[in-house]
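Analysis of the macromolecular model
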2 protein chains.
Amino acid sequence: MQKKKYHGPVEATADILSGRWKPLILWALRDGTLRFGQIEEELSAYKPNITQRMLTKQLRELENDGLIARKVYPEVPPRVEYTLTERYRSLMPIVEQMYNWGKEHMADRIEHE
Amino acid sequence: MQKKKYHGPVEATADILSGRWKPLILWALRDGTLRFGQIEEELSAYKPNITQRMLTKQLRELENDGLIARKVYPEVPPRVEYTLTERYRSLMPIVEQMYNWGKEHMADRIEHE
DNA sequence: CAGAATCCACCAGGATACTG
DNA sequence: CAGTATCCTGGTGGATTCTG
């Protein structure tokens, strides 16, 4: 599949991160590897709850954009682990700042966590 | 209108910035005040071109979330200026990092600028 | 356990025309 | 100049069922 082209850096980065669950997935992966089910669990606080279809889709897109790596263990039952790619760890500061900024400026609009 | 509630800081900040044109508008406003038409012009490089309806909508949303201020000058023809709010200038680093990261990691997918 | 396959609703975003 | 007012469409995201 042909990858989308952009007209400027901000547009490109913003698009990479656009998707209901993407920033949350990246945030969940901030301190290491997680299995499919663990990510699902991490996001269980958010409503509406993420479906397996959506989680799969967004993970694939993040993978296609090189932000995360997918490792399949040939076992039964299957085990699949997701990790931030080394090259794209440089994106983490952005998500971290989203966390910090939100915590400081949006506290009144955050229900629980 | 009741403002949306969130379950975590990352979700909140991401949602504030979500919208085809929002990061681009904030980026355009990085070094000062711009008139409605100037913003339109700044974004004219992007396709499909932003419509007046869309620009108005996204500006209003950014205003409602307190990211930008709107100043109307009672003249004919009308003049309206937009500026980043002082309080929310703290969000700029995020957009700046989007610019830097995109420039470094997405160069091959950026057509012109 | 980690998905694939369908089906579907909604609305963000766009096209176009009009105006104080 | 800086917007409204309508109308419309694509595709994102969700619900549900099935499976290696």
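Higher on the page you've got the structure.
Below, the structure is looked at part by part.

Some thoughts on the packing of aromatic side chains
Residue and element names in this part refer to chain A. Inspection of the entire model under this criterion finds four aromatic pairs over all chains. Ring plane angle 15° and centroid distance 4.5 Å describe the contact between Trp27 and Tyr99, whose orientation is recorded as stacked. Separated by 72 residues along the polypeptide, Trp27 in helix 2 (residues 22-28) and Tyr99 in helix 5 (residues 92-105) bring together distant segments of the chain. Taken individually, Trp27 and Tyr99 each receive the classification buried, so the pair is uniform in this respect.

Overview of unusual backbone geometry
Residue Pro77(A) is bonded to the preceding Val76(A) through a cis peptide linkage, with omega at 0°. Structurally, Pro77(A) can be placed in the loop between strand 2 (68-73) and strand 3 (79-84). Backbone torsion omega between Lys47(B) and Pro48(B) reads 0°, so that peptide bond is classified as cis. Within the element layout of this structure, Pro48(B) appears in the loop between helix 3 (36-42) and helix 4 (52-64).

Observations concerning the pattern of salt bridges
Applying the stated rule across the entire model yields twelve salt bridges over all chains. For Asp15(B), the salt bridge identified is with Lys4(B), shortest N-O distance 3.2 Å. Here Asp15(B) is found in helix 1 (residues 9-17), whereas its partner Lys4(B) is found in the segment before helix 1, with eleven residues between them in sequence. Bridged by salt links that share partners, the residues Glu75(A), Arg79(A) and Glu81(A) form one connected network.

Re the packing of helix 1 (residues 9-17) of chain A against helix 5 (residues 92-105) of chain B
Following both chains from N to C, one finds helix 1 of chain A and helix 5 of chain B inclined at 100°, their axes separated by 7 Å at the closest point. One element, helix 1 of chain A, and the other, helix 5 of chain B, form an angle in the roughly perpendicular class. Along the contact surface, helix 1 of chain A presents Pro9(A), Val10(A), Thr13(A), Ala14(A) and Leu17(A), while helix 5 of chain B presents Val95(B), Met98(B), Tyr99(B), Trp101(B), Gly102(B) and Lys103(B). Split into classes, the residues belonging to the contact of helix 1 of chain A with helix 5 of chain B amount to eight nonpolar, two polar and one charged.

Looking at the side chain of Lys22(A)
Residue and element names in this part refer to chain A. Among the secondary structure elements, Lys22 is positioned in helix 2. On the accessibility criterion, Lys22 (3% relative accessible area) is buried. When near neighbours in sequence (up to four residues on either side) are disregarded, Lys22 contacts Ile16, Leu17, Gln58, Glu61 and Leu62.

Cut-off values and rules
Residues numbered from 1 in each chain as written. Chains lettered and ligands numbered in written order. Predicted model: local features only at pLDDT ≥ 70, side-chain atom pairs only at ≥ 80, totals over all residues. Heavy atoms only, no water. Phe/Tyr/Trp six-rings, centres within 6.5 Å; stacked < 30°, edge-to-face > 60°. Helix = DSSP H or I, 4+ residues; strand = E, 2+ residues; numbered from the N terminus. Buried < 20%, exposed > 50% of the residue type's maximum accessible area, 1.4 Å probe, protein only. Salt bridge = Lys/Arg side-chain N within 4 Å of Asp/Glu carboxyl O. Axes fitted to C-alpha atoms, helices over the stretch in contact; angles between N-to-C directions. Parallel < 35°, antiparallel > 145°, perpendicular 65-115°, else oblique. Contact = heavy atoms within 4.5 Å. Nonpolar A, V, L, I, M, F, W, Y, C, P; charged D, E, K, R; others polar.

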